[in-house]
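A closer look at the structure
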Amino acid sequence: QVQLVESGGGSVETGDSLRLSCAASGSSFSNYVMGWFRQAPGKDREFVARILSDGTTNYADSVKGRFTISRDNGRQRVDLQMNSLKPADAAVYYCAARVITAVRYGYWGPGTQVTVSS
């Protein structure tokens, strides 16, 4: 199992940058696919980015070119660098983990709020 805690959320203005971090505790962190999701008020939770143990990344089209996901297996941490933020990026951001063979993410952090003002 793995426990996840996000940090780094806050209030910024359009065009600003923010870096979110997700600290993981537990065993075999390197065996997990790590992802970031977000949920805005009144909307469904949506995929933002994911990173495999070997560093392979995937992004939602809405954040491609602006967000970068990275991981440090030794420190058991996943970061999401968010640049050129827009009001549409405002949401609660969640870190998630799943074993490579699983279909669904089985572990979630409590979330961190990101607010972007125009």
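See the structure above.
Figured I'd write up the structure that's included with this text.

Reading the values: the criteria
- Residues numbered from 1 in each chain as written.
- Predicted model: local features only at pLDDT ≥ 70, side-chain atom pairs only at ≥ 80, totals over all residues.
- Heavy atoms only, no water.
- Helix = DSSP H or I, 4+ residues; strand = E, 2+ residues; numbered from the N terminus.
- Rg over C-alpha atoms; globule rule 2.2 N^0.38 Å.
- Buried < 20%, exposed > 50% of the residue type's maximum accessible area, 1.4 Å probe, protein only.
- Contact = heavy atoms within 4.5 Å.
- Areas by Shrake-Rupley, 256 points an atom, 1.4 Å probe, with all protein chains shown as cover.
- Lys, Arg positive; Asp, Glu negative; His and termini not counted.
- Charge placed at Lys NZ, Arg CZ, Asp CG, Glu CD.
- Disulfide = S-S within 2.5 Å.

Here's the deal with the overall build of the protein chain
- Of the regular secondary structure elements, the protein chain holds 0 helices and 11 strands.
- Each helix and strand of the protein chain, placed in order from N terminus to C terminus, yields the pattern β-β-β-β-β-β-β-β-β-β-β.
- Taken over C-alpha atoms, the radius of gyration comes to 13 Å for the protein chain, in line with the 13 Å a tight globule of 118 residues would show.
- Residues counted as buried form 41% of the 118 residues belonging to the protein chain.
- In the protein chain, the share of contacts with a sequence separation of at least 24, taken over all contacts with a separation of at least 6, comes to 56%.
- Within the structure as shown, the protein chain displays about 6100 Å² of accessible surface, and the carbon and sulfur contribution to it stands at 46%.
- Counting 13 positive and 10 negative side-chain charges, the protein chain places the averaged centre of each group 5 Å from the other.

As for the state of the cysteines
- For the structure on display, the rule yields 1 disulfide.
- Residue pairing for C22: its cysteine sulfur links by disulfide to C95, the two sulfurs lying 2.1 Å apart. The chirality of the disulfide connecting C22 with C95 is left-handed, given an S-S dihedral of about -80°. Here the residue C22 occupies a position in strand 3 (residues 18-26), and C95 occupies one in strand 9 (residues 91-99), the gap between them amounting to 73 residues.

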